[in-house]
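A structural walkthrough
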Amino acid sequence: FSKGQRFGLFPYRVFYLLNKTGHQYIKSKLQFGVGVSTKNFKKAVDRNRIKRVTREAYRLQKAALDLQMKDHPHSLLIFLIYTGKELPAFTVVKEKVELILQKLITIANENTPANT
């Protein structure tokens, strides 16, 4: 978290890091994770549902970002933290994840070697 950058798009806080591909810990060009606070959701079943729905929304929409990162010299590490206080509907999560991925595609485009 300390090396990367972040932005917020309610109900998510997005942490990302564009990293050199040759790094020893990175196995692929695109890595993704989700977290939900125990403070806002006491029941594990609620936290797990939010994570499962978010991962599914990401899986369904990651193709454009994956295509963008294929020819990119860096890898992209993404971590979403759900900061909302209520259980979200899948449609809301899907819309927000789509906006997040569009913003990440823009960020990746700005950091291509031709643009730097």
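Everything below is about the structure shown above.
Residues numbered from 1 in each chain as written. Predicted model: local features only at pLDDT ≥ 70, side-chain atom pairs only at ≥ 80, totals over all residues. Heavy atoms only, no water.

A few words on helix 3 (residues 90-110). The end-to-end C-alpha distance of helix 3, which contains 21 residues, comes to 30 Å, matching closely the 30 Å that a straight helix rising 1.5 Å per residue would cover. Restricting attention to buried positions, one finds in helix 3 the residues Val93, Val97, Ile100, Leu101, Leu104, Ile105, Ile107 and Ala108. All buried residues of helix 3 fall inside an arc of 160° around its axis, so they share one side. Across from the buried face of helix 3, at angles greater than 90 degrees, the exposed residues are Thr91, Glu95 and Glu110. Of the surrounding secondary structure, the elements contacted by the buried residues of helix 3 are strand 1 (5-9), strand 2 (12-20), helix 1 (44-61), helix 2 (63-70) and strand 4 (74-82). (Helix = DSSP H or I, 4+ residues; strand = E, 2+ residues; numbered from the N terminus. Expected span 1.5 Å × (residues − 1). Buried < 20%, exposed > 50% of the residue type's maximum accessible area, 1.4 Å probe, protein only. Arc of directions from axis to C-beta. Contact = heavy atoms within 4.5 Å.)

Within the secondary structure layout, Tyr82 lies in strand 4. A relative accessible area of 4% means that Tyr82 is categorised as buried. It is 9.1 Å that separates the C-alpha atoms of Tyr82 and Thr54, two residues lying 28 residues apart in sequence. Here Glu86 takes part through its backbone oxygen, which lies 2.7 Å from a polar atom of the side chain of Tyr82. (Polar contact = N/O pair within 3.5 Å; in protein donor to acceptor, adjacent residues only side chain to side chain.)

Attention now moves to the packing of aromatic side chains. Under the defined criterion, the tally for this structure stands at 4 aromatic pairs. Considering the side-chain rings of Phe7 and Tyr16, the 5.9 Å spacing of their centres and the 55° angle between planes classify their relative orientation as tilted. Centroid distance Phe32 to Tyr58: 3.8 Å. Interplanar angle 5°. Geometry classified as stacked. Separated by 26 residues along the polypeptide, Phe32 in strand 3 (residues 30-36) and Tyr58 in helix 1 bring together distant segments of the chain. (Phe/Tyr/Trp six-rings, centres within 6.5 Å; stacked < 30°, edge-to-face > 60°.)

For the rest of this paragraph, the subject is the environment of Lys70. Following the sequence through the fold, Lys70 ends up in helix 2. On the basis of relative accessible area, Lys70 is assigned to the exposed category, the value being 56%. Here the alpha-carbon distance between Lys70 and Leu30, two residues 40 residues apart in the chain, equals 9.0 Å.

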